[in-house]
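Single-letter residue listing:
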Number of protein chains: 2
Amino acid sequence: MITAFAPATIGNITCGFDVLGMCIDQPYDEVSVSFNDENRVRITKILGDNGKLPYEVEKNTASVAIISLLKHLNIKKGIDIIINKQMPFGSGLGSSAASAVAGVVAANALLGLPLKKHELLPFAIDGEAIASGSRHADNVAPCLLGGITLVRENEPLDIIELAVPEDLYVVAVHQQVQILTKEARAVIPKHFSMKESVSQMGNIAAFVAALYQNDLNLMSRSLKDVLAEPYRKALIPNYDALEKAVLYAGALSFGISGSGPTVFAFANNKNKVAQIEQMIRQVLDKTDIAYSIFSSKINKTGAEIR
Amino acid sequence: MITAFAPATIGNITCGFDVLGMCIDQPYDEVSVSFNDENRVRITKILGDNGKLPYEVEKNTASVAIISLLKHLNIKKGIDIIINKQMPFGSGLGSSAASAVAGVVAANALLGLPLKKHELLPFAIDGEAIASGSRHADNVAPCLLGGITLVRENEPLDIIELAVPEDLYVVAVHQQVQILTKEARAVIPKHFSMKESVSQMGNIAAFVAALYQNDLNLMSRSLKDVLAEPYRKALIPNYDALEKAVLYAGALSFGISGSGPTVFAFANNKNKVAQIEQMIRQVLDKTDIAYSIFSSKINKTGAEIR
């Protein structure tokens, strides 16, 4: 039996709606696979999902991804899948991407590594598409590859692995409320002015330059969004209070992870991380909402067998 | 008397509408300055403009830029200005930016270099705004500083100097027809879909990554525009024929310089440059339109005293 771990990812990274994503250390999903004698793919156990995930292999992101991989390789072996779901649903942390990625990474290892890691991308996307309804790589790519990734184009797929500044920390906070991606998409306007598009282009271009120049000050200035965050933040409890608190604590930025409700801050050292965590607790301990904080550097490894 | 040379610039660079710009070697404007005893700024001669440029100092980009600089420095000396206009008007090569930049660079030198080069930017922008009607740095910045520049924000001004790949050549071709920026702006839609904005973000982010990774293949893939070029190309004679010809000759890309009519191609070596030039001549020699071709590497120096 082989087990793969696939970590959480933060899509959009504020200035890169639908194109940027990055990998953090926690939380993560685990998928274990082993051969069976049945000549078919089965899900034998799902843990940690409170009964929410389907056992039907054509409906589950992990099994769909694995079946897609097997089909591509023209391998007819049967595989049993155990999913240990450790990531919250609808959290904006790339939960469905993580299960799909863990599935293909585990299966590829079980099969003796016929494909390189980056070659697994299309099959993980197939899996994630079952949950999200469309083929997108903005969470799947950083989950699989680690680091900060750019999806230049989805069809044909064109993924660029960007530079990762060494002294960059991420503090993510997940409040236990659920926001469906569908709902988060519905609040965004259908059209944007040239001024808004130009502002967004200036910021994402500056963000990429900041990564390569290792210029965290420029990064801080460019982490702005006019397309989605002004509309989505109303869906997230305590957004304004958290933003004020983490910026006061010295965060480089504050924004929404994917479609939320997870929000995240960048920081340039460990002390700042501790101060930001403390400020978040001060804000949220006054409320009735349960929450988790996940702090790490950017995870450069992505999904792996452990 | 001190003379400054300010070269042509290619605004937008296809994937960066209103935010990207780059400097090439030719053509350029010259502005010469000397002290006078009149305690005021005068334009004493304008060459090469066919009588089109105003002698009134409050209406001419070069003198407006110089007056703005003098005001900032609180210097009351009189300066005589000679403008040698070598760049075509309404060409999409940053002609008005070049005169403004040459003006402040010459005046700053005449005054004993009180400001560093990049500090001259706001005054050159003041000058260019007289011609264009709004404060924009997308031509002024690369003309002054050289290289490839990104305007992250105009107010407050935030300019980033991007990496310049060593083996990158530009072939620009100016057909002698005039397109007013106003007219070129009018054909662009007022609103864009999220899909269009996202496509543009993916491409400009990839373009910036390509510059730093020195990846000309990625650069070629990312030089696409959905905001302006699909609408503006109808204003430019022989656009489709030129595009087909230069791509056939091995160009990395083809697009509009600023608001046109100048178009440009990127190439990755000198042989390609010669082939591209030949193909352009084959297309345009069949027409009645006079044209000029300007080929060089990206000019990393920008405006200078010679």
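Our structure is the block above this text.
Residues numbered from 1 in each chain as written. Chains lettered and ligands numbered in written order. Predicted model: local features only at pLDDT ≥ 70, side-chain atom pairs only at ≥ 80, totals over all residues.

Draft legend 1. The interface of chain A and chain B, seen in detail. Counting from both sides, the interface comprises 33 residues of chain A and, opposite them, 33 residues of chain B. The greatest single-element share of the side of chain A that touches chain B, amounting to 13 residues, is contributed by helix 6 (residues 194-213) of chain A. Class assignment of the residues belonging to the side of chain A that touches chain B gives a composition of 19 nonpolar, eight polar and six charged. In this structure, strand 8 (residues 191-193) of chain A lies alongside strand 8 (residues 191-193) of chain B, joined through three bridges in antiparallel fashion. Paired with Phe192(A) across the two strands is Phe192(B), which belongs to strand 8 of chain B. (Contact = placed C-beta atoms within 7 Å. Helix = DSSP H or I, 4+ residues; strand = E, 2+ residues; numbered from the N terminus. Nonpolar A, V, L, I, M, F, W, Y, C, P; charged D, E, K, R; others polar. Pairing = 2+ DSSP bridges.)

Draft legend 2. Summary view of the environment of Lys297(B). All names here are of chain B. Considering the arrangement of structural elements, one finds Lys297 in strand 11 (residues 291-297). A residue is classified by how many C-beta atoms lie within 10 Å of it, and Lys297, with 16 of them, is partly exposed. Remark: the alpha-carbon pair of Lys297 and Ala98, spanning 199 residues in sequence, is separated by 18 Å. When neighbours within four sequence positions are excluded, Lys297 is seen to be in contact with Leu168 and Tyr169. (Buried ≥ 20, exposed ≤ 12 C-beta atoms within 10 Å, placed from the backbone.)

Draft legend 3. Quick look at the sheet that holds strand 7 (residues 169-175) of chain A. Residue and element names in this part refer to chain A. Strands sit in the order 9-10-7-11 across an open sheet of four strands; the sheet is antiparallel. Taken across any chain shown, the strands that pair with only one partner, and hence form the sheet edges, are strand 9 (253-256) and strand 11 (291-297). Taking each pair of neighbouring strands and ignoring which way they run, the sheet shows an average axis angle of 20°. When strand 7 meets strand 11, the two strands line up antiparallel, connected through seven bridges. Residue pairing across strands places Val173 opposite Ile293, the latter belonging to strand 11. In the packing of helix 10 (residues 270-284) onto the sheet, the strands contacted are strand 7, strand 10 (263-267) and strand 11, and the crossing angle to strand 7 comes to about 15°. (Axes fitted to C-alpha atoms, helices over the stretch in contact; angles between N-to-C directions.)

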